[in-house]
Amino acid sequence: MKNMNRRKFISNTALGLGSALALSQIPEQIFPRSVFKYADIPIGFQTFPIRDMLSKDFSGTLKTMAGFGYKFTEMCSPQGYAQIGFGFLANTKPADIRKTIEDAGLECKSCHFGFPELTDKLDDRIEFAHELGLTQMICSTFWLPNTATLKDYQDAADKLNKSAEKIKQAGMQAGFHNHHFEFATLDGQLIYDALMNRFDPNLVKMQFQTQVITLGFKASTYFNKYPGRFISSHLSDWTADKKEVPIGQGVIDWKEFFAAAKTGGVKNYFVEMKFDTFKDSASYIHGL
């Protein structure tokens, strides 16, 4: 071993044993396990795209998703999303929601909340989060009007910082999810960059939605630009002509994405697309 460099050793071992299993037996200091991380990505899914299916068969749909290879789900607050698809859970105790999720073989550590929930009803929402077993409370966006100014975004960020401090004291992490409108320009500045400069990095982590690739913005660019500032990401893939396709069939370089996500600090990955893309997306990610 002393006269054989690492590359030669790995090459000879792989050729001699002819399988990835052989490589898995090599000591960590010689062949770091990080090489194998892609296949072990614990992927989840966002519930919003399949809310109609969930409303008809909550338990069965969750079990179907677990069967596709998903390990985690990200919920939407039944109270905040009652009028847009989650009213069927509005009167269900969070402990019962949690049990149904866990009985399906899934975990739920993250949930989307409307901005008013996190400012006007925070104590109640924290109690809900604890009962559901959350570790992350994500603001789904500010939903400011089209006439909003850059100052309006900055003022909203200040409010979320204040709520995030209380969320942190409650033992959880606050986050912010982007949509297309944060990738517009106001006063000569990209709104997303302005928010990154306004959010307290110790209190608010970001959830990056890859759909903005359709506007020309790559997640990897922001993971590298703002290291450690992200908690999770919503995954979707798109063709050059902006058609939604399963992960791996569009224009996003997913190996680049996952490598940069590590720099960004991403802990959770949630596929968020139409139901018929979920199975192929999970298979692709697991096969990376």
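Let us look at the structure shown here.

Each value, and the rule that gives it
Residues numbered from 1 in each chain as written. Predicted model: local features only at pLDDT ≥ 70, side-chain atom pairs only at ≥ 80, totals over all residues. Heavy atoms only, no water. Helix = DSSP H or I, 4+ residues; strand = E, 2+ residues; numbered from the N terminus. Buried < 20%, exposed > 50% of the residue type's maximum accessible area, 1.4 Å probe, protein only. Contact = heavy atoms within 4.5 Å. Polar contact = N/O pair within 3.5 Å; in protein donor to acceptor, adjacent residues only side chain to side chain. Axes fitted to C-alpha atoms, helices over the stretch in contact; angles between N-to-C directions. Parallel < 35°, antiparallel > 145°, perpendicular 65-115°, else oblique. Left-handed = near helix turned anticlockwise from the far one by under 90°. Nonpolar A, V, L, I, M, F, W, Y, C, P; charged D, E, K, R; others polar. Right-handed = clockwise from strand over helix to strand, strands pointing away. Pairing = 2+ DSSP bridges. Salt bridge = Lys/Arg side-chain N within 4 Å of Asp/Glu carboxyl O. Arc of directions from axis to C-beta. Phe/Tyr/Trp six-rings, centres within 6.5 Å; stacked < 30°, edge-to-face > 60°. Lys NZ or Arg CZ within 6 Å of the ring centre and 35° of its normal.

Position of Lys218 relative to the elements: it lies in the loop between β8 (204-209) and α10 (219-225). Residue Lys218 is classed as partly exposed on the basis of its relative accessible area, which comes to 36%. Counting along the chain gives 39 residues from Lys218 to Phe257, while the straight-line C-alpha distance between them is 8.5 Å. Among all residues touching Lys218, those that are not within four sequence positions of it are Phe208, Ile213 and Glu256. Looking at Lys218, its side chain comes within polar contact range of the side chain of Glu256, at 3.1 Å.

Turning to the packing of helix α4 (residues 58-67) against helix α5 (residues 94-103), a few remarks are in order. Contact geometry for α4 and α5: axes closest at 8 Å, N-to-C directions at 40°. The orientation of α4 with respect to α5, classified from their angle, is oblique. Seen from above, α4 lies across α5 with right-handed handedness. Across the interface between the two elements, Phe58, Ser59, Leu62 and Lys63 from α4 touch Ile97, Thr100, Ile101 and Asp103 from α5. Across the contact of α4 with α5, the residue classes break down as four nonpolar, two polar and two charged.

Turning our eyes to something else, we now look at the pairing of strand β5 (residues 173-177). The element β5 is largely enclosed, with a buried count of four among its five residues. Read as a crossover between parallel neighbours, the route from strand β4 (residues 136-139) over helix α8 (residues 150-169) to β5 is right-handed. Both β5 and β8 contribute to a ladder of four bridges, which runs parallel. Across the sheet, residue His177 finds its bridge partner in β8, namely Gln207.

Let us look at the sheet that holds strand β12 (residues 268-271). The strand order around the closed barrel formed by eight strands is β1-β2-β3-β4-β5-β8-β9-β12, and the pairing between neighbours is parallel. The average undirected angle you get between the axes of adjacent strands in this sheet is 30°. Where helix α9 (residues 191-198) meets the sheet, it contacts β5, β8 and β9 (230-235), and its direction lies at approximately 160° from that of β8. Against the sheet, helix α12 (residues 275-287) makes contact with β1 (43-46), β9 and β12, and its axis sits at roughly 155° relative to β1, the strand it touches most.

Tallied over the full model, the rule gives nine salt bridges. Across the pair Arg98 and Glu102 runs a salt bridge whose closest N-O atoms are separated by 3.0 Å. Linking Arg98 with Glu102, this pair stays in helix α5, spanning four residues, or about one helical turn. Residue classification places Glu102 among the partly exposed positions, given a relative accessible area of 43%.

Next up on the list: α5. Those residues of α5 not exposed but buried are Pro94, Ile97 and Ile101. End-on, the buried residues of α5 take up no more than an arc of 55°, which puts them together on one face. Buried-residue contacts for α5 involve α4, β2 (72-76), β3 (107-113) and α7 (122-132).

Attention now moves to the packing of aromatic side chains. Across all of its chains, the model carries 31 aromatic pairs by this definition. Considering the side-chain rings of Phe58 and Phe88, the 5.9 Å spacing of their centres and the 70° angle between planes classify their relative orientation as edge-to-face. You can see Phe58 sitting in helix α4 and its partner Phe88 sitting in the loop between β2 and α5, a full 30 residues away along the chain. You can call Phe58 buried: its relative accessible area is 12%. These aromatic residues form a ring-pair network of at least three members: Phe183, Tyr192, Phe208, Phe217, Tyr222, Phe223, Phe230, Trp254, Phe257, Phe258 and Tyr269. Positioned above the aromatic ring of Phe48 is the side chain of Arg51, whose terminal nitrogen or guanidinium carbon lies 3.8 Å from the ring centre. One Lys or Arg, Arg125, reaches over the ring of Phe128 and ends 4.8 Å from the middle of that ring.

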